[in-house]
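So the chains spell out like this:
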Amino acid sequence: MLEVRGLSAGYGRSQVLFDLAIEARSPGMVAILGRNGAGKTTLLKTLAGEIKPMSGQILFDGREAVGESTEQRARRGVGYVPQEQAIFGKLTVKENLLLGAISQKGPSRIDYVLDFFPKLAQRLGQTAATLSGGERKMLAISRALLGNPKLIMLDEPTEGVWVGVIEEIADRLVQLSKERSLILVEQHIELALRVADYVYVMDRGSIALEGTAAQIKDDPRLLKYLAP
Ligand SMILES: Nc1ncnc2c1ncn2[C@@H]1O[C@H](COP(=O)(O)OP(=O)(O)OP(=O)(O)O)[C@@H](O)[C@H]1O
Ligand SMILES: [Mg+2]
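Residues numbered from 1 in each chain as written. Chains lettered and ligands numbered in written order. Predicted model: local features only at pLDDT ≥ 70, side-chain atom pairs only at ≥ 80, totals over all residues.

**Student:** It is not clear to me how the site of ligand 1 should be interpreted in this structure. Could you clarify?
**Tutor:** In the vicinity of ligand 1, the residues found are Tyr 11, Ser 14, Val 16, Gly 34, Asn 36, Gly 37, Ala 38, Gly 39, Lys 40, Thr 41, Thr 42 and Gln 83. Of all elements in the fold, only strand 2 (14–24) and helix 1 (40–48) reach the threshold of two or more residues within the shell around ligand 1. Of the residues belonging to the shell around ligand 1, the class tally is three nonpolar, eight polar and one charged. (Near = placed C-beta within 6 Å. Helix = DSSP H or I, 4+ residues; strand = E, 2+ residues; numbered from the N terminus. Nonpolar A, V, L, I, M, F, W, Y, C, P; charged D, E, K, R; others polar.)

Structure follows, in structure tokens:
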């Protein structure tokens with residue numbers, strides 16, 4: 001589904017990503033770990049098309065995506081749930097979903113996402129700002145799902161979520177990864193190693209370690225790369 005080769009990117013002249021190679025298959029879930037500032041968000045932004053790479057290739061289904069806008073990539077099936085809230089706090093849950101559905105072709109998928117996250121169905125008239133952390137994340141994921149993406153990139157979907165709800169979100173991600181390709185950026189290492197098939201550990205903008213979740217879990221270098 002996704003193949004990245006020799007990817008370097010940054011902000012202006014400051015380079016953040018150095019010669020990355022990653023792959024995400026469909027179906028399946030890839031986790032990207034790394035301490036604060038390692039470059040995880042920068043990587044997802046580059047894959048989504050918000051940042052233009054300095055060099056390298058980004059192939060979606062074998063076709064080059066560098067040079068395509070965020071909208072073009074979204075139309076090709078790339079869904080992105082950013083780390084910052086991707087929802088409108090002053091609008092209701094329903095309005096957030098309706099706005100997300102406007103740009104979609106084909107039948108509305110609002111019923112599908114409300115089945116997928118039944119908690120949201122009970123909150124349709126509530127403004128998004130009054131939702132709990134977990135419900136906000138569910139709404140952000142739902143908005144991405146409205147586009148029926150083949151690849152979904154999630155930047156810390158359990159950040160700020162009460163522990164009791166984290167498992168619920170994790171279950172949903174596992175469910176999605178059975179039929180789509182997921183790239184999960186996570187700070188909850190134990191959770192990521194449990195739900196992902198394959199793991200990349202980033203250190204200062206490079207891939208320092210990679211392997212199956214089982215391999216990475218037992219790798220003594222993991223702690224070194226994740227220690228603050
Ligand atoms: N808009 C920006 N302009 C310049 N530098 C930036 C910008 N955004 C991030 N950086 C820098 O890029 C590096 C990587 O940041 P990034 O947000 O990708 O890390 P991260 O792994 O997502 O961290 P976190 O776990 O805290 O979310 C950091 O050194 C950061 O200061
Ligand atoms: Mg980040």
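Next comes the rest of the account.
**Student:** I'm lost on the sheet that holds strand 3 (residues 28–33) in this one. Help?
**Tutor:** Strand pairing within a sheet occurs via backbone hydrogen bonds; the two strands may be parallel or antiparallel. With respect to topology, six strands assemble into an open sheet ordered 6-7-8-3-9-10, the strand pairing being mixed. Only two strands of the sheet have a single neighbouring strand rather than two, namely strand 6 (78–81) and strand 10 (206–212). Going across the sheet, the axis of each strand differs from the next one's by a mean of 15°, ignoring polarity. Where strand 3 meets strand 9 (residues 198–203), four bridges bridge the pair, whose relative direction is parallel. Of the residues in strand 9, the one forming a bridge with Ile 32 is Tyr 200. Sheet strands in contact with helix 6 (residues 133–145) are strand 6 and strand 7 (151–155), and its direction is about 165° off that of strand 6. (Pairing = 2+ DSSP bridges. Axes fitted to C-alpha atoms, helices over the stretch in contact; angles between N-to-C directions. Contact = placed C-beta atoms within 7 Å.)

**Student:** Whenever I open this one, the pairing of strand 3 confuses me. Can you help?
**Tutor:** Across the six residues that make up strand 3, a large majority, five, are buried. Summarising the sheet, strand 3 and strand 8 (residues 181–185) pair through five bridges and their orientation is parallel. In the sheet register, Ala 31 faces strand 8, and the bridge partner there is Leu 184. (Buried ≥ 20, exposed ≤ 12 C-beta atoms within 10 Å, placed from the backbone.)

**Student:** How do you make sense of unusual backbone geometry when you look at a structure like this?
**Tutor:** Among all residues except glycine, the phi angle is most often negative; among peptide bonds, the trans geometry is most common. Cis geometry marks the peptide bond from Ser 26 to Pro 27, where omega comes out at -5°. With respect to the helices and strands, the residue Pro 27 is situated in the loop between strand 2 and strand 3. Phi is positive for Asp 19, close to 55°, though the residue is something other than glycine. Summarising the element assignment, Asp 19 is placed in strand 2. In the Ramachandran plot, Arg 204 falls in the positive-phi region, its phi being about 45° despite a non-glycine side chain. Mapped onto the secondary structure, Arg 204 falls in the loop between strand 9 and strand 10. In this structure Arg 204 comes out as partly exposed when scored by C-beta crowding, with 14 C-beta atoms within 10 Å.

**Student:** Explain the nonpolar core to me, please; I cannot follow it from the model alone.
**Tutor:** Soluble globular proteins tend to pack their nonpolar side chains together in the buried interior. Counting residues in each nonpolar core, the largest one holds 61 residues, and the members touching the most others are Ala 31, Ile 32, Met 153 and Leu 184. Looking at which element gives the most residues to this core, the answer is helix 6, with six residues. For Met 153, the residues in contact, after removing those within four places along its chain, are Leu 44, Leu 47, Ala 48, Gly 79, Tyr 80, Val 81 and Ile 183. (Core = buried A, V, L, I, M, F, W, Y, C linked by C-beta atoms within 7 Å.)

**Student:** What is the right way to look at the packing of helix 3 (residues 93–102) against helix 6 in this model?
**Tutor:** In a pair of packed helices, the angle between the axes and the distance between the axes together describe the arrangement. Where helix 3 meets helix 6, the closest approach of the two axes is 9 Å, and the angle between their N-to-C directions is 25°. Considered as vectors, helix 3 and helix 6 are oriented roughly parallel to each other. In this structure, the crossing between helix 3 and helix 6 has a hand that is right-handed. Residues Val 93, Asn 96, Leu 97 and Gly 100 of helix 3 form the contact with helix 6, whose participating residues are Leu 139, Ser 142 and Arg 143. (Parallel < 35°, antiparallel > 145°, perpendicular 65-115°, else oblique. Left-handed = near helix turned anticlockwise from the far one by under 90°.)

**Student:** Sorry, what's going on with the pairing of strand 7 here?
**Tutor:** Successive side chains on a regular strand alternate, one facing one side of the sheet and the next facing the other. Extensive coverage of strand 7 is indicated by the burial of five of its five residues. Where burial is concerned, the two faces of strand 7 agree: the one with Leu 151, Met 153 and Asp 155 and the one with Ile 152 and Leu 154 are both buried. When strand 6 meets strand 7, the two strands line up parallel, connected through four bridges. When the sheet's bridge partners are listed, Tyr 80 is paired in strand 7 with Met 153.

**Student:** When you look at the environment of Tyr 80 in this model, what are you seeing that I'm missing?
**Tutor:** Here Tyr 80 is to be found in strand 6. Owing to 24 C-beta atoms within 10 Å, Tyr 80 belongs among the buried residues under this scheme. Sequence-wise, Tyr 80 and Asp 155 are 75 residues apart; in three dimensions their C-alpha atoms are separated by 8.1 Å. If we ignore the near neighbours within four places in the chain, the residues touching Tyr 80 are Leu 44, Ala 48, Ala 144 and Met 153.

**Student:** Honestly, the sheet that holds strand 1 (residues 2–11) in this entry has me stumped. Any pointers?
**Tutor:** With respect to topology, four strands assemble into an open sheet ordered 2-1-4-5, the strand pairing being antiparallel. The strands lining the two open edges of the sheet, one partner per strand, are strand 2 and strand 5 (63–64). As judged from the two bridges shared by strand 4 (residues 55–60) and strand 5, these two strands associate in the antiparallel manner. Its bridge partner being in strand 5, Leu 59 is matched across the sheet by Glu 64. The strands that helix 1 touches are strand 1, strand 2 and strand 4; relative to strand 2, the one it contacts most, it runs at about 70°.

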